[in-house]
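These are the residues of each chain, in order.
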Amino acid sequence: MMLAIAIVEILDGLRRFLLERRSEYTFVGADSSFSVSFRKTKGERIAVQCGASRLGEVDATTLCRAVLSGAETFFQQPKNKLPQSDPALEDLTSALEAFARAFR
């Protein structure tokens, strides 16, 4: 699974899930068996499940802050920065900006 493309997918998927009033979103990593599901529960709570294991619940604001912080921190590390010539850079930049505008 290409990590930059996966991060774009999870940022865009979570953003649509929360803003478009969807009840569930499942991210499935390309060419892998990894999946994580997010389901709305009462209030602003989100249940998180990885594969068959329920991980717990978190409020939407905390989830969004953690996801955005993790993505930004990851790509700020020099070894993880995408080169300007990488075709995924524009998609990643757009996804990070859209997510930050929606939830920061």
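These numbers come from a predicted model, not from an experiment.

Visitor: It is not clear to me how the overall build of the chain should be interpreted in this structure. Could you clarify?
Guide: Assigned secondary structure in the chain consists of 3 helices and 4 strands. What you see in the chain, going N to C, is helices and strands ordered as α-β-β-β-β-α-α. The C-alpha atoms of the chain give a radius of gyration of 14 Å, which matches the 13 Å a tight globule of 104 residues would have. Judged by the C-alpha coordinates and their principal axes, the chain covers about 45 × 30 × 20 Å. Looking at the chain as a whole, 38% of its 104 residues are labelled buried.

Visitor: What is the right way to look at the packing of aromatic side chains in this model?
Guide: The geometry of an aromatic ring pair is captured by two quantities: the separation of the ring centres and the angle between the planes. According to the stated counting rule, one finds 4 aromatic pairs in the structure shown. Here the guanidinium or amino end of Lys 40 rests over the ring plane of Phe 17, the centre of that ring lying 5.0 Å away.

Visitor: What is the right way to read the packing of helix H1 (residues 3-19) against helix H2 (residues 60-76) from this model?
Guide: Think of two packed helices as two axes; the pair is described by the angle between the axes and how far apart they sit. Between H1 and H2, whose axes approach to 12 Å, the crossing angle comes to 160 degrees. The angle between H1 and H2 places the two elements in the roughly antiparallel class. In this structure, H1 meets H2 at a crossing whose hand is left-handed. In this structure, H1 contributes Leu 3, Ala 4, Ile 7, Leu 11, Leu 14 and Leu 18 to the contact, and H2 contributes Ala 60, Leu 63, Cys 64, Val 67, Ala 71, Phe 74 and Phe 75.

The rules we used
Residues numbered from 1 in each chain as written. Predicted model: local features only at pLDDT ≥ 70, side-chain atom pairs only at ≥ 80, totals over all residues. Heavy atoms only, no water. Helix = DSSP H or I, 4+ residues; strand = E, 2+ residues; numbered from the N terminus. Rg over C-alpha atoms; globule rule 2.2 N^0.38 Å. Buried < 20%, exposed > 50% of the residue type's maximum accessible area, 1.4 Å probe, protein only. Phe/Tyr/Trp six-rings, centres within 6.5 Å; stacked < 30°, edge-to-face > 60°. Lys NZ or Arg CZ within 6 Å of the ring centre and 35° of its normal. Axes fitted to C-alpha atoms, helices over the stretch in contact; angles between N-to-C directions. Parallel < 35°, antiparallel > 145°, perpendicular 65-115°, else oblique. Left-handed = near helix turned anticlockwise from the far one by under 90°. Contact = heavy atoms within 4.5 Å.

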